Amino acid sequence: MSRKRTTLATALVTLGAMLGLSLNGCGAAAPKASEPTPPNVESAGKSAQPVALAIDGAHPERIKLRWQEEIGGRGVAVAVERKSARVAAVVEGSPVKLYDFWSGKSAGVSATCTDVLRGGVYLLQGRLIVVCSDRLEQYRVAGMKELPSPSLAESRATAATLSWPWLAVGHHDGVIRIYNLQSEERVEIAVPGPPIDVKSLALSKDGSTLAVAWVQGSIWWWKVAEPEVPHPLTRYESESDALTFDSTGHWLAEEGEKALTSVWSFEGEPSRRYQRKHGAWIKRMHFTRDGKWLLRGGSHGVDLVEVAGEHSLSLTAGLVEDVGLDPDHTSVAAVDRKGRLSLWMSRP
C-alpha cells in the first residue's frame, strides 16, 4: 500500500510540474513559476521613477511642475534628457551647469567655455553638446568625459541648431556651416550679398532642409543638397528669434510678424497655413511629437498652443529666454531672465 501511495504521489508531482502547479504535501514541490514582468517604470539608481507620457496640450492635467530652482543669473540656454537624468542650464557669462532631472539638485559644472550661444546647449543620446561663439564642446554625460568635436570656423558663431548628427551654425562671415558630429563631413552655404548675422536657424530632422532668419528680418530656406540655391520665404520689419521644423519636415513655425506665430506648410511650394497670437516676443519653439501643438517660450512665459485650432495652455509666466523639450517628448525645461530654472513632466 505504501508503494502505491508513493507511485501516486510521484505521478501527481509529475503532472503538477507539467501544468505549472505547486503541489505541497505530495512528497515534492513543482518548479517555481517565473516572476511576473515588472510594470513599465524607469529607474535612476535603485529607486523606481514614475512613468511619463508624451506632452501635448490635449491633456493639460497630465503636465505637472516637478521642481523649480534659482540658478543665479539671467538664463541663456537650457536642455533636458530624462534618459540621462540631467538638465543642463546656462546663465549669462557662466559655463554650463548640470542638474539632476528628478530632484533639481546641482550636479556640477560641465563645460569650460562661458560665451554660450542663446539656445546653444543640447542633451541627446547621453551627450552634452555646447556651442559657444568660438568653439564646440561635447561630453559623454556618464562620467563627463570630453569627446572629440569638429573645430568651428574662425569666424564668430551667432546662432546654432542641432538635428543629430548635424549641427548647423551661422557665422559672422556670412557663411552657414553644417557640421557632422560623427565625422569630418561639412556643408557650407555661402549667403549671397554682404554678410548678415544669423539670428535663428532650423534644420529638419532628416537634415535635408535648412531655414534661416537674419537680424534684418528676412527668412530664407535651402535644400541642403543644393547649397547654392537660396529660397526667400518672407520678410518682416523686425528679426525672427525662433524657427522650428516638425518631425516630418513638412511644417515650419516662425515668429517674425508682430505678436504672431506663423506655421508654414513645406509640402510643395511653401505657404503660410496658420497663425497664432503671442506676446511681444518668442525665444524658442518646439513642435510636439504628433505635430499638432507648439511649445513656445518668450515674453509671455511658456505655453502650448494648438497649431490648427484655438486651444492653448499656459505653463508659467515670466520672461523666458529658452525652452528645452526632452528628446522623448515627455518633459520640458525652461530658464528665464531672473534665473529661474523649471522642469515639467507629463504623467498618466
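Bear in mind the structure is a predicted one, so any value in this text is a computation, not a measurement. (Residues numbered from 1 in each chain as written. Predicted model: local features only at pLDDT ≥ 70, side-chain atom pairs only at ≥ 80, totals over all residues. Heavy atoms only, no water.)

A. Geometry of the overall build of the chain. Helix and strand counts for the chain stand at one helix and 30 strands. Of the contacts made within the chain by residues no fewer than 6 positions apart, 42% connect residues no fewer than 24 positions apart. A total of about 16,700 Å² of accessible surface is found on the chain, and carbon and sulfur atoms cover 51% of it. (Helix = DSSP H or I, 4+ residues; strand = E, 2+ residues; numbered from the N terminus. Contact = heavy atoms within 4.5 Å. Areas by Shrake-Rupley, 256 points an atom, 1.4 Å probe, with all protein chains shown as cover.)

B. The sheet that holds strand E3 (residues 63–70), seen in detail. The four strands are arranged E3-E30-E29-E28 in an open sheet whose pairing can be described as antiparallel. In this open sheet, the two strands that pair with only one neighbour each are E3 and strand E28 (320–325). Averaged over all adjacent pairs, the angle separating strand axes in this sheet is 15°, with direction ignored. As paired elements, E28 and strand E29 (residues 331–336) share five bridges and run antiparallel to each other. Bridging from a neighbouring strand, Val-323 pairs with Ala-334 of E29. (Pairing = 2+ DSSP bridges. Axes fitted to C-alpha atoms, helices over the stretch in contact; angles between N-to-C directions.)

C. Up close: the packing of aromatic side chains. Per the stated rule, a full pass over the model turns up seven aromatic pairs. On the basis of an interplanar angle of 75° and a centroid distance of 4.7 Å, the ring pair of Phe-101 and Trp-102 is categorised as edge-to-face. Overall, Phe-101 belongs to the buried group, its relative accessible area being 0%. The class of Trp-102 is buried, set by a relative accessible area of 11%. Grouping aromatic residues by their ring pairs yields a cluster made of Trp-214, Trp-220 and Trp-222. (Phe/Tyr/Trp six-rings, centres within 6.5 Å; stacked < 30°, edge-to-face > 60°. Buried < 20%, exposed > 50% of the residue type's maximum accessible area, 1.4 Å probe, protein only.)

D. Spotlight on empty space enclosed by the protein. In the structure shown here, the tally under the stated rule is one cavity of 30 Å³ or more. As a volume, the largest cavity reaches approximately 30 Å³. Around the largest cavity sit Thr-316, Val-320, Ala-334, Val-335, Asp-336, Arg-340, Ser-342 and Trp-344, which together line it. At the level of elements, E29 and strand E30 (340–346) are the ones that each hand at least two residues to the lining of the largest cavity. (1 Å grid on protein atoms, 1.4 Å probe; cavity = no way out; pocket = protein on both sides within 12 Å on 5 of 7 lines; lining within 4 Å. Points joined across faces, edges and corners; volume = space filled by probe spheres on them.)

E. Local environment of the sheet that holds strand E21 (residues 251–255). Taken in spatial order, the four strands line up as E20-E21-E22-E23 in an open sheet, and their pairing is antiparallel. If you trace the sheet from one side to the other, it starts and ends with strand E20 (242–245) and strand E23 (271–277), each paired once. Sheet twist, expressed as the mean angle between neighbouring strand axes with direction ignored, is 20°. Sheet analysis places strand E22 (residues 260–265) next to E23, joined by six bridges and oriented antiparallel. Looking across to E23, one finds that Ser-262 is bridged to Gln-275.

F. Seen up close, the environment of Phe-287. Position of Phe-287 relative to the elements: it lies in strand E24 (residues 282–287). Linking Phe-287 and Ser-247, residues 40 residues apart in sequence, is a C-alpha distance of 7.7 Å.

G. Representation of the pairing of strand E14 (residues 175–180) within the structure. The element E14 is extensively covered by neighbouring structure, given that six of its six residues are classed as buried. Here E14 shows a buried face lined by Val-175, Arg-177 and Tyr-179 and a second buried face lined by Ile-176, Ile-178 and Asn-180. With five bridges connecting them, strand E13 (residues 166–171) and E14 associate as antiparallel partners. Within E14, the position partnered with Trp-166 by the bridge is Asn-180. Where E13 folds back on E14, the antiparallel hairpin that results is connected by three residues, among which Gly-174 adopts a positive phi of roughly 85°. Summarising the sheet, E14 and strand E15 (residues 186–190) pair through five bridges and their orientation is antiparallel. For Ile-178, the partnering residue across the bridge sits in E15 and is Val-187. Following E14, the chain reverses through five residues before pairing antiparallel with E15.

H. Focus on the pairing of E21. In terms of residue burial, E21 counts as a mostly covered element, since five of its five residues are buried. The side-chain alternation of E21 yields two buried faces, one formed by Trp-251, Ala-253 and Glu-255 and the other by Leu-252 and Glu-254. Where E20 and E21 come together, four bridges link them in antiparallel fashion. Considered in E21, the bridge of Leu-243 is made with Glu-254. Linking E20 back to E21 in an antiparallel pair, the connection comprises five residues, with Gly-249 at a positive phi of about 80°.

I. Molecular detail of the pattern of salt bridges. Following the criterion strictly, the structure yields 15 salt bridges and no others. With its nearest N and O atoms 3.7 Å apart, the salt bridge here joins Arg-74 to Glu-321. Placement of the pair is Arg-74 in the loop between E3 and strand E4 (75–81) and Glu-321 in strand E28, with a sequence separation of 247 residues. Taking the relative accessible area as the measure of exposure, Arg-74 reaches 35% and is therefore partly exposed. By relative accessible area, Glu-321 is classed as buried at 5%. For the salt bridge of Arg-296 with Asp-303, the shortest nitrogen-to-oxygen distance reads 2.9 Å. Take Arg-296: its relative accessible area is 1%, and that puts it in the buried class. A single salt-bridge network, built from bridges that share partners, covers Asp-173, Arg-177, Arg-186 and Glu-188. (Salt bridge = Lys/Arg side-chain N within 4 Å of Asp/Glu carboxyl O.)

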